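# Per-entry structural report
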Amino acid sequence: MVSEREVLGRKPLQILEKIKESLERLNEKMEIMIELQKHGRRELETITPEAPLDVMTLLSMPDHLRKTAMTICRLGRATADEVAQQTHRARAVESAYLNQLVVMGYLKKERRGRKAYFYINKEGQG
Amino acid sequence: MGKIVAVHSYKGGTGKTLISTNLAVTLAKHGKKVCLMDLDFRAPSLSTLLNINKVEYWLNDYLNGVCEIDKILIDLGDRISKQGGFFVGLANPSVEAIRDMSSKDRKWEMRALGRLLSLRNSLLNGKNFDYIIFDTSPGLQYSSINAIVSADLVIVATTLDNSDVEGTRRMLRDLYDLFEKKTEIVLNKVMYEDALRSGRDKLQALVKETYEVPLLGVIPCFCDISRAEGKIIFVHEKPQHPFTRILEDMAGKIDKL
C-alpha cells in the first residue's frame, strides 16, 4: 500500500527531475554553441579532424581533455556520468569536455532516450 | 580482475624480452593464468626464443582485424606450468610482415589501440587471465605507446648507461607522466657488487631521485645469462639461480600492487 503522502511527495520530485533534465540538456546545447563559436563554426556538422584520436593526438592534447579522451578510449562508449566516475571529476565538467571533443571531431555523440553516449569517431581522416 | 603489464625501455638491449618472458613464466609457475605477447613488431623475438615453428595466426593478424584474439593464443601450458596457464601471442618475424607493420597510418594505429584496449574485456574478463604481459619495442614509437596506454602497469627496463639514464628520464617525464601511468623501474646489468645489499639502498635512492618512480628490482650482470645465448627460459631451466630468485621477488611485488 502506498500512502497518500508518498504519492503527493513523488509528484514534485518527478517535476524537479524533469526540470533538472531539461536544464542539463539546455546546458549541453549552450556548451556546444560556445564550442562552435570558439572554433568559428556555425553548425555541428560531421567534421573530420586533421588527425584521428590516436596516441600522438592524445599526447598533444591539453591535460584536462586528454584525461577525458583516454577514458572514452578505455570505455569504448560511455555517458558523461560514466566518464565522471572514472576521472573523479564532476559530471558537468566531463559533459563540457566531451562536447568539446565532439566539436573537435574526435568523438561522436548519440542520444538514446534520456542518455547521451559518446564514442570515438572512427571515420576521422588519418 | 587481471592486469595488463607492459615491459618497455628507452634504448634497445636493456633486457625487455629477458624480463618479460621470465616474469611471465614466473607468474605462471605461481599458479597465475598468463599471456605473454610480443608487441615488438620491428624486431620480433619470441617465436625464436620459444622455438615455435608452426603459427597459423599472428598478433599482426589480430591488430589488422583479420581474426579474433583466441585464434592467436598458443597454449604452452604443457611446457611451463599446467596449474596456472601459459599462453603466448607472437609477432610475425618475416621481413614482409615487419615492413607492413612499419608502414601503417595513424588511423590504423588508432584502431590498433582500440584492439589492444579491448583485450581487457576479451582476455581478462572473458577468459579469466590474471596477467597479460606485453614485450614492446624500445623508444617512442606507435606500437610501444599503444601498449603503454593500454597497460595498468609499465615496467621500464634500464641500465646505468648514461644515455639510457638520460633518455629514460626524459621519456618518463614527457610521455609517462602525461598518460598518468603506474610505473616501476628495473635496473638491469648492474655490476654484481653494486647490486648486493649494501649497494641496494644507494641504487634505490638513485632511482627515486633520477626517475621519481619506485624501483621494482635490480638485476646484476650474470655471465650465465649471456652464456645461455637466449636459447632457454632462465627461470624455467635454472630454478636455483639467483636470477630466478630476483624474478620471483619481482613477481611477488607485482602481485601485491
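Okay, so let's go over this structure. (Residues numbered from 1 in each chain as written. Chains lettered and ligands numbered in written order. Predicted model: local features only at pLDDT ≥ 70, side-chain atom pairs only at ≥ 80, totals over all residues.)

### A closer look at the overall build of chain B
The secondary structure content of chain B amounts to 14 helices and eight strands. On C-alpha atoms alone, chain B measures out to a radius of gyration of 17 Å, which is about the 18 Å that the 2.2 N^0.38 rule sets for 257 residues. Counting only residues that meet the buried cut, chain B has 46% of its 257 residues in that class. (Helix = DSSP H or I, 4+ residues; strand = E, 2+ residues; numbered from the N terminus. Rg over C-alpha atoms; globule rule 2.2 N^0.38 Å. Buried ≥ 20, exposed ≤ 12 C-beta atoms within 10 Å, placed from the backbone.)

### A look at the interface of chain B and chain A
Taken together, the contact pairs twelve residues of chain B with eleven residues of chain A. Elements supplying a minimum of two residues to the side of chain B that touches chain A: helix H6 (106-117) and helix H8 (142-150) of chain B. Here the side of chain B that touches chain A gets six residues from one element, more than from any other, and that element is H6(B). Across the side of chain B that touches chain A, the residue classes tally to seven nonpolar, one polar and four charged. (Contact = placed C-beta atoms within 7 Å. Nonpolar A, V, L, I, M, F, W, Y, C, P; charged D, E, K, R; others polar.)

### Side note on unusual backbone geometry
All names here are of chain A. Its identity is not glycine, yet His88 carries a phi of approximately 60°, on the positive side. Summarising the element assignment, His88 is placed in the loop between helix H4 (80-87) and helix H5 (91-103). What makes His88 exposed here is the crowd of 7 C-beta atoms within 10 Å.

### Observations concerning the environment of Ala91(B)
Residue and element names in this part refer to chain B. Here Ala91 is to be found in the loop between strand E4 (85-89) and helix H5 (95-101). Residues Ala91 and Trp108 lie 17 residues apart in sequence; the distance between their C-alpha atoms is 17 Å. Excluding its chain neighbours within four sequence positions, the residues that come into contact with Ala91 are Asp38, Leu39, Asp40, Phe41, Pro44, Trp58, Leu59 and Asn60.

### Quick look at the sheet that holds strand E3 (residues 115-120) of chain A
The strands that make up a sheet are held in pairs by hydrogen bonds between backbone atoms, and each pair lies either parallel or antiparallel. Residue and element names in this part refer to chain A. Pairing in this open sheet of three strands is antiparallel, and the strands run E1-E3-E2 from one edge to the other. Each having just a single partner strand, strand E1 (77-78) and strand E2 (107-112) make up the two edges of the open sheet. In terms of strand pairing, E2 meets E3 through six bridges, oriented antiparallel. Bridge pairing in E3 links Leu107 to Ile120. Against the sheet, helix H3 (residues 63-75) engages E1, E2 and E3, with an angle of about 90° to E3. (Pairing = 2+ DSSP bridges. Axes fitted to C-alpha atoms, helices over the stretch in contact; angles between N-to-C directions.)

### Here's the deal with the nonpolar core
All names here are of chain B. Counting residues in each nonpolar core, the largest one holds 96 residues, and the members touching the most others are Val34, Cys35, Ile132 and Ile133. Here this core takes seven residues from helix H1 (residues 16-29), the largest share from any one element. Ignoring anything within four residues of it in the chain, the contact list for Val34 reads Ala24, Leu27, Ala28, Gly84, Gly85, Phe86, Phe129, Asp130, Tyr131 and Ile133. (Core = buried A, V, L, I, M, F, W, Y, C linked by C-beta atoms within 7 Å.)

### Focus: the packing of H3(A) against H5(A)
Residue and element names in this part refer to chain A. The geometry of H3 relative to H5 is characterised by a closest axis approach of 10 Å and an angle of 85° between their N-to-C directions. It follows that H3 is roughly perpendicular to H5 by the angle criterion. Touching His64, Leu65, Thr68 and Ala69 of H3 are Glu94, Tyr97, Leu98, Gln100 and Leu101, all from H5. Class assignment for the residues of the contact of H3 with H5 results in five nonpolar, three polar and one charged. (Parallel < 35°, antiparallel > 145°, perpendicular 65-115°, else oblique.)

### A word on the packing of H1(B) against helix H14 (residues 242-256) of chain B
Residue and element names in this part refer to chain B. Interhelical geometry of H1 versus H14 gives an angle of 70° and a closest axis separation of 9 Å. Judged on the interaxial angle alone, H14 and H1 are roughly perpendicular. Relative to H14, H1 is oriented so that their crossing is right-handed. Only Leu247, Glu248, Met250 and Ala251 of H14 make contact with H1, whose side of the interface consists of Asn22, Leu23, Thr26 and Leu27. The residue inventory of the contact of H1 with H14, partitioned by class, reads five nonpolar, two polar and one charged. (Left-handed = near helix turned anticlockwise from the far one by under 90°.)

### With respect to the environment of Arg115(B)
Residues and elements named next belong to chain B. Note that Arg115 resides in helix H6. Residue classification places Arg115 among the partly exposed positions, given that 18 C-beta atoms sit within 10 Å. Apart from residues no more than four positions distant in its own chain, Arg115 is found in contact with Tyr62 and Leu63.

### Here we look at the sheet that holds strand E3 (residues 74-75) of chain B
All names here are of chain B. Spatially, the eight strands line up as an open sheet ordered E3-E4-E2-E5-E1-E6-E7-E8, and their pairing is mixed. Edge strands, defined here as strands with exactly one partner in the open sheet, are E3 and strand E8 (215-220). Note that strand E2 (residues 33-38) and strand E5 (residues 131-135) share five bridges and pair parallel. Bridging from a neighbouring strand, Val34 pairs with Tyr131 of E5. The strands touched by H1 within the sheet are strand E1 (3-8), E2, E4, E5, strand E6 (153-158) and strand E7 (182-190), with E5 carrying the most contacts at an inclination of about 165°. Lying on the sheet, H8 is in contact with E1, E5 and E6; it crosses E1 at an angle near 145°.

### Overview of the pairing of E5(B)
Residues and elements named next belong to chain B. For E5, a buried count of five out of five residues is recorded, marking the element as mostly surrounded by other parts of the structure. Neither face of E5 is left uncovered, since the one carrying Tyr131, Ile133 and Asp135 and the one carrying Ile132 and Phe134 both have all their residues buried. One ladder, built from five bridges, connects E1 with E5; its direction is parallel. Bridge pairing in E5 places Val7 opposite Asp135.

### A closer look at helix H9 (residues 162-179) of chain B
Residue and element names in this part refer to chain B. If you check H9, its first and last C-alpha atoms are 25 Å apart, about what 18 residues at 1.5 Å a residue would give, namely 26 Å. For H9, the principal kink sits at Leu172 and spans about 35°. After H9 finishes, the residue Glu180 shows a positive phi value of roughly 50°. (Expected span 1.5 Å × (residues − 1). Bend = angle between axes of the 7 residues up to and from the residue.)

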